[in-house]
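Spelled out, the chains give:
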Amino acid sequence: MQDQEELARRASTGDRAALEALLAEIQPSILRRCARFLPCYQDAEEACQDVLLQVARNIGGFEGRSKFSTWLHVIIANSSRQTYRSLKRRAVEEAHEQPPIDVADARTTSVIAGSRLDLLDALERLENRNADLVGPVVLRDICQLDYREIAEQLGIPEGTVKSRIHQGRAHVREYLTAG
């Protein structure tokens, strides 16, 4: 097993074997991280495949200014949130096409799934209100990056990161308690 940072560096220069090895190595951890966002395993698998595809397509843009794992966290967070938005959109479209059927709401049947859905809804509302606050909150509270890594990834000062996280958490808390 080679070092991910080294594989990413080699893959970014066009080394196909390094890219294949990198994708194989990161796939299990990507799936676990996507599952932190999405309550259904199949949805996490879908997001995971999207992440792997994005890594394969965009590895040439990885410049090594931040750690590969930090770069990857951003892709995972964005892909998971995009998968959630797509699933919501599909559910609305399907609801208009089919007669209503009784389906258990994850919010009432599973505390974990319900809280994830509530958090994703809160993040979506925050993004509509102040998109600059979403990235720092997701990278800190879900991806568990430190302030320095977030600052490097977003290209903003550490103090700004801390401020945006504080503001973002306040809005998310407000959305979650408002129901």
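See the structure above.
Each chain carries its own residue numbering, running from 1 in the direction its sequence is written. With pLDDT at 70 or above as the cut-off, local features in this predicted model cover only qualifying residues; side-chain atom pairs require 80 or more to be listed or tallied, and sums for whole chains, interfaces and linings still use all residues. Heavy atoms from the whole structure form the basis of all side-chain values; hydrogens and water molecules are not counted.

Caption draft 1: Inspection of the packing of aromatic side chains at higher detail. Here a Phe, Tyr or Trp ring, Trp counted by its six-membered ring, pairs with any other such ring whose centre lies within 6.5 Å, and the pair is stacked when the planes are under 30 degrees apart, edge-to-face when over 60, and tilted otherwise. Under the definition given, this model contains 3 aromatic pairs. Members of the aromatic cluster, connected to one another through ring pairs, are Phe-62, Phe-68 and Trp-71. A cation over a ring is seen here: Arg-140 above Tyr-147, with NZ or CZ 4.3 Å from the ring centre. Lying across the ring of Tyr-147, Lys-162 places its NZ or CZ 5.2 Å from the centre. Consider the ring centre and the ring normal. A charge sits over the ring if Lys NZ or Arg CZ is within 6 Å of that centre and within 35 degrees of that normal.

Caption draft 2: Summary view of helix H9 (residues 158–178). In this model, H9 (21 residues) spans 30 Å end to end at C-alpha, consistent with the 30 Å of a helix rising 1.5 Å per residue. Along H9, the residues classified as buried are Val-161, Ile-165, Gly-168, His-171, Val-172 and Tyr-175. The buried residues of H9 occupy an angular sector of 140° when projected down its axis, which confines them to one face. Facing away from the buried side of H9 by more than 90 degrees, the exposed set consists of Gly-159, His-166, Thr-177 and Ala-178. Elements are defined by DSSP. Helices are runs of H or I of four residues or more, strands are runs of E of two residues or more, and each kind is numbered from the N terminus. A helix is expected to span 1.5 Å multiplied by its residue count minus one. Residue exposure (1.4 Å probe, protein chains only): buried if accessible area is under 20% of the type maximum, exposed if over 50%, otherwise partly exposed. Working note: the arc is built from the helix axis to C-beta atom directions.

Caption draft 3: Region of interest: the pattern of salt bridges. One speaks of a salt bridge when a side-chain nitrogen belonging to Lys or Arg is within 4 Å of a carboxyl oxygen belonging to Asp or Glu. Tallied over the entire structure, the rule returns 10 salt bridges. Two residues, Glu-20 and Arg-16, come together in a salt bridge whose shortest N-O distance is 3.9 Å. Here the residue Glu-20 and the residue Arg-16 both occupy positions in helix H2 (residues 16–37), the gap between them amounting to 4 residues, near one helical turn. By relative accessible area, Arg-16 is classed as exposed at 56%. The partner of Arg-148 in a salt bridge is Glu-152, with the nearest N and O atoms 3.0 Å apart. Within this pair, Arg-148 and its partner Glu-152 are both found in helix H8 (residues 147–154), separated by 4 residues, close to a single helical turn. Assessed through its relative accessible area of 41%, Arg-148 is described here as partly exposed. With a relative accessible area of 39%, Glu-152 lands in the partly exposed category. Connected through salt bridges with shared partners, the residues Arg-81, Arg-85 and Glu-127 form a single ionic network.

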